[in-house]
Amino acid sequence: MSTQGTDPMLVFATSDKGGTGRSVTSCNVAYRLCLRGLDIAYVDFDFGSPTAGALFEIGHAERGTTEGRGLHSYLLGETGEPRRLIVDRETDRPQLRRAAPGAGQLVLLPGDVGGAEFGCDDTIVARAVTLLAKLLSEFAVVIVDLSAGRSVALEIALRATVSTMLAHRAHRWLVFHRWTRQHVLAAGGLVYGSHGLLETGGHFEHDRQELLASVRCVRTAVAASDWTRTVDPPQAAWLNEQSKALRELAMAEGLGAAMVLGQTPIEPMLQWREQLILDADVNARLADPATVEAYTDLARRLTDSATWDIE
Ligand SMILES: Nc1ncnc2c1ncn2[C@@H]1O[C@H](COP(=O)(O)OP(=O)(O)OP(=O)(O)O)[C@@H](O)[C@H]1O
Ligand SMILES: [Mg+2]
């Protein structure tokens, strides 16, 4: 397994609302990181809806693994070792089965089919810590897709990252949100609000400043700025006004430009179907090159130490 010299990194994908693009974006970023030669683990901690298998087009694990060895079973102590699915071996998508030269390994740790949300206790947190520490010893980047909102998954992640085994490891928090008023307010609430990331983190002995320095937002499915050139002048004026208001709102919510890791454009392919966008999709003119550029850029910024002023 290759960690390519980079310090292994834990990345928690969060969002306040559901349907923000958290999973689709995270999977695509995982894929782009893997193309760079990094070994990536994608850990499905969306306990209420463990559907990451569908994004990698692993038919037998579309809604979680059926073998009783998924992450639900592992965290609840029903299996000692959670199932790992090597994406290019298990996927039904032919282009994904042909591993790109020099690519790293992309491994999915799925939830259990029919698995549901559960409570959080010390034993569950300890199992999560053991798992994440082990994955960090094998993979360059461990991406953990957390259930939306102030969820048990978020609590497990916050408690795990202050444990002695993980506190010294790099951990980053990505807050995904759509580029609309409601979503910006919701994302601001998740970071700064009551029972949000900082408050809950503080409660579990995280240093609030350090925690905040490890948080960045990802704005998803953002309309391209040149859209306004293709519409009637009154509509263009209205859209420009709304864009300005959104930028001001994001700033007021503490989610201004300095907090943004990047953004993704509206991608028609993803509006129809949740999936990885491959270079083959761009070459076949099915997907917009700007989408792949956005995922590549997110992957680069995520692993660039200049993005993070923590260490
Ligand atoms: N850039 C994009 N352009 C258009 N649609 C997108 C884009 N990114 C994601 N989507 C679509 O948005 C929907 C929600 O995305 P996704 O399932 O990743 O969100 P989520 O936050 O993980 O939701 P959940 O809380 O249900 O897990 C999906 O249909 C996805 O294909
Ligand atoms: Mg999801």
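Residues numbered from 1 in each chain as written. Chains lettered and ligands numbered in written order. Predicted model: local features only at pLDDT ≥ 70, side-chain atom pairs only at ≥ 80, totals over all residues. Heavy atoms only, no water.

A. Structural view of the environment of G68. With respect to the helices and strands, the residue G68 is situated in the loop between helix 2 (52-55) and helix 3 (71-75). Overall, the relative accessible area of 37% leaves G68 in the partly exposed class. Distance in space between the C-alpha atoms of G68 and P82 is 9.0 Å, their sequence separation being 14 residues. Excluding anything up to four places from it in sequence, G68 contacts S73, T79 and D112. (Helix = DSSP H or I, 4+ residues; strand = E, 2+ residues; numbered from the N terminus. Buried < 20%, exposed > 50% of the residue type's maximum accessible area, 1.4 Å probe, protein only. Contact = heavy atoms within 4.5 Å.)

B. Looking closely at the sheet that holds strand 3 (residues 85-86). With respect to topology, 8 strands assemble into an open sheet ordered 3-4-2-5-1-6-7-8, the strand pairing being mixed. One side of each edge strand has no neighbouring strand; the edge strands of this open sheet are strand 3 and strand 8 (260-265). Inspection of the sheet shows strand 1 (residues 9-14) paired to strand 5 (residues 141-146) by 5 bridges, in the parallel sense. Of the residues in strand 5, the one forming a bridge with M9 is V141. (Pairing = 2+ DSSP bridges.)

C. Representation of the pairing of strand 7 (residues 215-222) within the structure. Of all 8 residues in strand 7, 7 are buried; the element is thus mostly enclosed. Examined bridge by bridge, strand 6 (residues 170-178) and strand 7 share 6 bridges and lie parallel to one another. Residue L174 lies in a different strand from strand 7, and its bridge partner there is R216. Alignment of strand 7 against strand 8, held across 4 bridges, turns out to be parallel. Within the sheet, the bridge partner assigned to R219 lies in strand 8 and is Q263. Note on the crossover from strand 7 through helix 11 (residues 233-252) to strand 8: the handedness is right-handed. (Right-handed = clockwise from strand over helix to strand, strands pointing away.)

D. Highlighting helix 1 (residues 22-35). For helix 1, which comprises 14 residues, the first-to-last C-alpha distance of 20 Å matches the rise-based estimate of 20 Å (1.5 Å per residue) to within 8%. Extensive coverage of helix 1 is indicated by the burial of 12 of its 14 residues. Of the residues flanking the end of helix 1, it is G37, one or two places downstream, whose phi is positive at about 95 degrees. (Expected span 1.5 Å × (residues − 1).)

E. Molecular detail of the packing of aromatic side chains. Per the counting criterion, the structure on display carries 4 aromatic pairs. Each ring, one from Y42 and one from F56, has its centre 5.5 Å from the other, and the planes form 80 degrees; the classification is edge-to-face. Taken together, the residues Y42 in strand 2 (residues 40-45) and F56 in the loop between helix 2 and helix 3 connect sequence positions 14 residues apart. An identical accessibility class is assigned to Y42 and F56; each is buried. Pairing F45 with F47 gives two aromatic rings, centres 5.0 Å apart and planes at 40 degrees, and the pair type is tilted. Like F47, F45 is buried. Among the aromatic residues, those joined into a cluster by ring pairs are F45, F47 and F118. (Phe/Tyr/Trp six-rings, centres within 6.5 Å; stacked < 30°, edge-to-face > 60°.)

F. Quick peek at the site of ligand 1. Taken together, 18 residues are adjacent to ligand 1, and T20, R178, P265, L270 and E274 come closest. Side-chain polar atom of S23 to an oxygen atom of ligand 1: 2.8 Å apart, as the coordinates give it. The separation between an oxygen atom of ligand 1 and a polar main-chain atom of V24 is 2.8 Å. For ligand 1, whose accessible area on its own is 630 Å², the fraction buried by protein is 83%. Every element with two or more residues in the shell around ligand 1 is listed here: helix 1, strand 8 and helix 12 (268-272). Counting residues per element, the shell around ligand 1 draws most heavily on helix 1, which supplies 3 residues. (Near = heavy atom within 4 Å. Polar contact = N/O pair within 3.5 Å; in protein donor to acceptor, adjacent residues only side chain to side chain. Areas by Shrake-Rupley, 256 points an atom, 1.4 Å probe, with all protein chains shown as cover.)

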